[in-house]
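Each chain is listed here by its residues.
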Amino acid sequence: MRDLAGEESTPPTTPCLPGHQAACAVKKAAQRGVAGLTPAPEGDSFVSTLALLVLLLLVVVVLLLAAGVAYVVHRHPSWGQPLAAAFGAVTVMAALVGLILAL
């Protein structure tokens, strides 16, 4: 980089936090132009993508379970009430876990 006077200057560096030395080294190497190294992704884009994929997988699993239960209740109607009670209990537990995690 060149400053206003036309002289070479180095970009300002930020100190590395403890435990992040590897990410800082990769970022500094990429800033220097070392081939093959890319800086660590910044922001929460990876985390949000991972969370969305986990949520999608959870939706697919719940849909498959619901389809399986519907099939079992269709084939054996006497299982309807016990399965409904079990899913009611699971729903209450899931609501409680969601409430605890939200706090």
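Assigned secondary structure in the protein consists of 3 helices and 0 strands. Written out in order from the N terminus, the α and β elements of the protein read α-α-α. Of all 103 residues assigned to the protein, the portion counted as buried reaches 2%. Carbon together with sulfur atoms contributes 73% to the accessible area of the protein, which is approximately 9,000 Å² in total.

What follows covers a nonpolar patch on the surface. On the surface, Leu-52, Leu-55, Leu-58, Val-59, Val-62 and Leu-63 cluster together into a nonpolar patch covering about 580 Å² of accessible area. Within the secondary structure, Val-59 is located in helix 2 (residues 45-75).

Our focus in this paragraph is the confidence of the model for the protein. Low pLDDT means the predicted atomic positions in that stretch should not be read closely. Taken residue by residue, the protein gives an average pLDDT of 78. The fraction at 70 or more is 58%. Within the protein, the element-level pLDDT minimum falls on helix 1 (residues 21-32), averaging 67, and the maximum on helix 3 (residues 80-102), averaging 91.

Conventions and cut-offs
Residues numbered from 1 in each chain as written. Predicted model: local features only at pLDDT ≥ 70, side-chain atom pairs only at ≥ 80, totals over all residues. Heavy atoms only, no water. Helix = DSSP H or I, 4+ residues; strand = E, 2+ residues; numbered from the N terminus. Buried < 20%, exposed > 50% of the residue type's maximum accessible area, 1.4 Å probe, protein only. Areas by Shrake-Rupley, 256 points an atom, 1.4 Å probe, with all protein chains shown as cover. Patch = residues over 30% accessible without salt bridge, like charges linked within 9 Å, V, L, I, M, F, W, Y side chains within 5 Å. Salt bridge = Lys/Arg side-chain N within 4 Å of Asp/Glu carboxyl O. pLDDT = per-residue confidence, 0-100.

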